[in-house]
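The lines below spell out each chain.
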Amino acid sequence: MKIAFIIGTRPEIIKMSPLIDEVDKRGIDYILIHTGQHYDHEMSDQFFQDLELKEPDYNIGVGSDSHSKQTAIMMKGIEEVLVSEKPDIVLVQGDTNAVLAGALASAKLHMAVGHVEAGLRSYDKTMPEEINRMVADVCTNMFFVPTEDTAINLLFEGISPQNIFITGNTVVDACHRNLKIASKTSNIMSQLELEGDILSLTLHRAENVDDHQRLKNIIKALLNIENLTIVFPAHPRTVKTLKEFGMYDTLKNAPHIRMIKPIGYLDFLVLQSNSKLMITDSGGIQEEAITLNIPCLTLRYNTERPETVQAGGNILVGADTEKITHNVAKIMGDEELYHNMQEAPNPYGDGTTSEKIVDAILDSYHQGKLKIKAPEEIGGRQAKKLLTMHEKITVAEFEKNNPNYTIKIVFDEGNPLFPQPDLSLGGKIVLVSYFVGGN
């Protein structure tokens, strides 16, 4: 079989790296298609070398442009490669324009799509990432979701549980894999010559840095933080806006804040692992923080990673000055709270996500499920109904005894559950689907 990986940004490459390793280790044929959405040297040749990955087989080189133009150019380039290479499945990861383009191009060619990190929802359609992940999931055949909550998101959108695989998140695999590489190559901590406890900060999202009042509130909070050295690798976009709003010099001259140029992923991974606390508006860093046991404050009002908040390792503080400063002081001043956040259970798995994904792909391939075919039978109407289950029986047993029924969702005292085969149905309510009419 042959697998096509579509990657275009640094987070995608990072999260795909352990999965590429696993495919390579098993001797499965694969190609890397780099859309070039992140197009500078660090994002291309050097970055693949740093992560000990082979160079991409194809580089579309889309560069920077509007969302529509980027997506169109990528779709054209991806389609040409897929027609030539004819992979059995195309893997996309996350929520970028490359994911949108890859999923659409593959679906139009009737090629199976596997979405790594499927099912995430912020329910904020002003975020381009939300549109990308939702549209990609419409085109997807195999949904590799990080948690049961993300699986349930898909169930409520009508996705069959048979196509959903709760695997954990490859971010855990990637952190373990890449921190080993970083420990051999990075000297960022000696370069920075830091003293005392470190708070690492990332700040780049448009809703924060382009909004004068929000940015002002965040900067005010940072200036009020005490007893921590804030290390701030500042994104060029953020630096530009800080200067335009007249806030740059104030931040740069604050004695407890170290503004530095952006650093590479491996250096930042080392910096994170040596931090006492993280403040971020990035989605991926919320995942990395809980994986590395670093308490995190997130400068957003919603998150598509709510599991990190529910687990207790992450707190949403928005751009509220008081919430930011209060929570930093509270976490750092309460040893028990700090310990609880540090030891929050990781909702994204134990680092075996890549193995589970490859196992699922191989199983589907051998069963012939990756071949996308038009229906050959006259279909009927798919009906649904709720059943109250009195008998003590598992999902697998019920579906074996009732082959015309598929359990879509299980409700236990009103709470939705994913219908795992071994889940006991006694005393629960289930939503089932079945076909009416047709041949």
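Cut-off values and rules
- Residues numbered from 1 in each chain as written.
- Predicted model: local features only at pLDDT ≥ 70, side-chain atom pairs only at ≥ 80, totals over all residues.
- Heavy atoms only, no water.
- Helix = DSSP H or I, 4+ residues; strand = E, 2+ residues; numbered from the N terminus.
- Rg over C-alpha atoms; globule rule 2.2 N^0.38 Å.
- Buried < 20%, exposed > 50% of the residue type's maximum accessible area, 1.4 Å probe, protein only.
- Contact = heavy atoms within 4.5 Å.
- Lys, Arg positive; Asp, Glu negative; His and termini not counted.
- Charge placed at Lys NZ, Arg CZ, Asp CG, Glu CD.
- Pairing = 2+ DSSP bridges.
- Axes fitted to C-alpha atoms, helices over the stretch in contact; angles between N-to-C directions.
- Salt bridge = Lys/Arg side-chain N within 4 Å of Asp/Glu carboxyl O.

Asks: Looking at this structure, how should I read the overall build of the protein?
Replies: Scanning the protein from terminus to terminus reveals 19 helices and 17 strands. Relative to the globule expectation of 22 Å for 439 residues, the C-alpha radius of gyration of the protein, 23 Å, shows essentially globular dimensions. Viewed in the frame of its principal axes, the protein has a C-alpha envelope of about 75 × 50 × 40 Å. Counting across all 439 residues of the protein, residues that qualify as buried make up 52%. Long-range pairs, those at least 24 residues apart, make up 70% of the contacts in the protein with a sequence separation of at least 6. On the protein, the mean spot of the 42 positive side-chain charges and the mean spot of the 60 negative ones are 4 Å from each other.

Asks: What exactly am I supposed to notice about the sheet that holds strand E9 (residues 229–233) here?
Replies: Taken in spatial order, the six strands of this open sheet run E10-E9-E8-E11-E12-E13, and their pairing is parallel. In the strand order of this sheet, the two ends are held by strand E10 (257–260) and strand E13 (314–316), each with one partner. Between one strand axis and the next, the sheet turns by 20° as a mean value, whatever way the strands run.

Asks: Explanation requested: the pattern of salt bridges in the structure shown.
Replies: Note that side chains of opposite charge can pair when their charged atoms are close. Enumeration according to the criterion identifies 22 salt bridges in this entry. Note that Glu22 is salt-bridged to Arg26, the shortest N-O span being 2.9 Å. The buried category is assigned to Glu22, whose relative accessible area is 8%. A salt bridge links Asp137 to Arg121; the shortest N-O distance between them is 3.0 Å. Of the two residues, Asp137 is situated in helix H5 (residues 128–139) and Arg121 in the loop between strand E5 (112–116) and H5; the sequence distance between them amounts to 16 residues. When its relative accessible area of 2% is taken as the criterion, Asp137 is described as buried. Three or more residues are tied together by salt bridges with common partners; here these are Lys15, Glu117, Glu287, Arg300, Glu304 and Arg305.

Asks: Can you walk me through the sheet that holds strand E4 (residues 89–93) in this structure?
Replies: Whether parallel or antiparallel, the strands of a sheet pair through hydrogen bonds between backbone atoms. Overall, parallel pairing links the seven strands, which are arranged E3-E2-E1-E4-E5-E6-E7 in an open sheet. Among the strands making up the open sheet, the edge pair consists of strand E3 (58–59) and strand E7 (164–166). By the bridge criterion, three bridges tie strand E6 (residues 142–145) to E7 in an arrangement that is parallel. Each bridged residue has a counterpart across the sheet, and for Phe143 the counterpart in E7 is Ile164. Packed on one face of the sheet, helix H3 (residues 67–85) meets strand E1 (2–7), strand E2 (29–34), E3 and E4 and runs near 165° to E2. On the sheet, helix H18 (residues 353–366) packs against E1, E4, E5, E6 and E7 and is oriented at approximately 165° with respect to E6.

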